Amino acid sequence: MADESQNQDRMMEDHVDRLRRQWARELPDLNTEPMAILGRAFRLGNMIRPSIEATFAGFGLDRGEFDVIGTLKRSGPPYRLTPTEMYALLMISSGGLTHRLDRLEKAGLIRREKSPKDGRSVQVALTEAGAALAEQAFRTDMASELAFLQPLDAQEREVLAGLLRKLILGIEANSRQNEEERGEPSPGRRGQGEV
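Residues numbered from 1 in each chain as written. Predicted model: local features only at pLDDT ≥ 70, side-chain atom pairs only at ≥ 80, totals over all residues. Heavy atoms only, no water.

Engineer: Please provide a residue-by-residue account of the environment of Ala137, values included.
Structural biologist: Topologically, Ala137 is positioned in helix H7 (residues 128-148). With a relative accessible area of 0%, Ala137 lands in the buried category. Note: C-alpha distance between Ala137 and Phe56 (81 residues apart in sequence) is 6.3 Å. (Helix = DSSP H or I, 4+ residues; strand = E, 2+ residues; numbered from the N terminus. Buried < 20%, exposed > 50% of the residue type's maximum accessible area, 1.4 Å probe, protein only.)

Engineer: Pulling in residues and values, what's your account of the packing of aromatic side chains?
Structural biologist: In the structure shown here, the tally under the stated rule is two aromatic pairs. Look at Phe56 and Phe66: their rings are 4.2 Å apart centre to centre, the planes differ by 10 degrees, and that puts the pair in the stacked class. Here Phe56, found in helix H3 (residues 33-57), pairs with Phe66, found in helix H4 (residues 63-74); they are ten residues apart in sequence, far enough to count as distant. Across the pair, exposure class does not vary: Phe56 and Phe66 are buried alike. With 6.3 Å between their ring centres and 10 degrees between their planes, Phe66 and Phe138 make a pair best called stacked. Pair noted here: Phe66 is in helix H4 and Phe138 is in helix H7, with a separation of 72 residues, a long-range link. Classification of Phe66 as buried rests on a relative accessible area of 2%. Since its relative accessible area comes to 33%, Phe138 is described here as partly exposed. In textbook terms, an aromatic cluster arises when at least three aromatic residues are bridged by ring pairs, as seen for Phe56, Phe66 and Phe138. (Phe/Tyr/Trp six-rings, centres within 6.5 Å; stacked < 30°, edge-to-face > 60°.)

Engineer: Summarise the pattern of salt bridges; cite the residues concerned and give the values.
Structural biologist: Tallied over the entire structure, the rule returns twelve salt bridges. Residues Glu13 and Arg21 are paired through a salt bridge, measuring 2.8 Å at the closest nitrogen-oxygen approach. For Glu13, a relative accessible area of 17% gives the class buried. For Arg21, a relative accessible area of 32% translates into the label partly exposed. Two residues, Asp102 and Arg112, come together in a salt bridge whose shortest N-O distance is 2.8 Å. With Asp102 in helix H6 (residues 94-106) and Arg112 in strand S2 (residues 110-114), this residue pair connects regions lying ten residues apart in the sequence. For Asp102, a relative accessible area of 38% gives the class partly exposed. (Salt bridge = Lys/Arg side-chain N within 4 Å of Asp/Glu carboxyl O.)

Engineer: Break down the sheet that holds strand S3 (residues 122-126) for me, with residues and values.
Structural biologist: One open sheet accounts for three strands, arranged S1-S3-S2; its pairing is antiparallel. Pairing within the sheet leaves two strands with one partner each, and these edge strands are strand S1 (80-81) and S2. The pairing of S1 with S3 spans two bridges and is classified as antiparallel. Across the sheet, the residue bridging to Leu81 is Val124, located in S3. Each of S2 and S3 is contacted by H6, which is oriented at about 110 degrees to S2, the strand it contacts most. (Pairing = 2+ DSSP bridges. Contact = heavy atoms within 4.5 Å. Axes fitted to C-alpha atoms, helices over the stretch in contact; angles between N-to-C directions.)

Engineer: How would you summarise the pairing of S3 if you had to cite specific residues and measurements?
Structural biologist: Look at any regular strand and the pattern is simple: side chains alternate between the two faces of the sheet. Most of S3 is tucked away: four of the five residues are buried. By the bridge criterion, five bridges tie S2 to S3 in an arrangement that is antiparallel. Within S3, the position partnered with Ile110 by the bridge is Leu126.

Engineer: Describe the packing of H3 against H7, and please don't skip the residues or the numbers.
Structural biologist: Helix-helix packing is characterised by the crossing angle of the two axes and by the distance between the axes. Two elements in contact, H3 and H7, have axes separated by 9 Å at closest approach and are oriented at 155 degrees. Taken together, the axes of H3 and H7 are roughly antiparallel relative to one another. Note on packing geometry: the crossing formed by H3 with H7 is right-handed. Residues Ile48, Ser51, Ile52, Thr55 and Phe56 of H3 touch H7, and the partners they reach there are Ala137, Thr140, Asp141, Ser144, Glu145 and Phe148. Taken together, the residues of the contact of H3 with H7 sort by class into five nonpolar, four polar and two charged. (Parallel < 35°, antiparallel > 145°, perpendicular 65-115°, else oblique. Left-handed = near helix turned anticlockwise from the far one by under 90°. Nonpolar A, V, L, I, M, F, W, Y, C, P; charged D, E, K, R; others polar.)

Here it is as structure tokens:
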């Protein structure tokens, strides 16, 4: 009976459970609880990334290019931002942004315009084609990502979203404190832009 119960437990294990079990055998004194949450979050990101990238590729975009037109679209009318605003929102280098803007401008999805307030500065504006593509790609991506959430009911999704928000807010607050104390960039504020 005990063997049957153990076999059933193992059938319900995911990859992270198996890793933790192996580490517990090798390093029984080590607390591997972070793997239960952060390891799963990392694995989840790796599992869904190919689907997200394929969705955007279907629209002729890579993830970074979508981040640019998506950021402009969600900024609201008139769908214009300065490059400085975009660096802050996308959390990328100016060189990385320039490269993306060049490709998107060549594709007719954005245009660079002189600022009406200051003729020396430039704004990045979303074209009609860019706005339409951003909306269509985002709608397709959300439908695709929703399919990944099907194992959870609505209440479970809400609870999980709330817990992840709490965790992220705590990490961001800690990162800001570390940044202020050491004058270093915080991990929570680096990396790729967000959909």
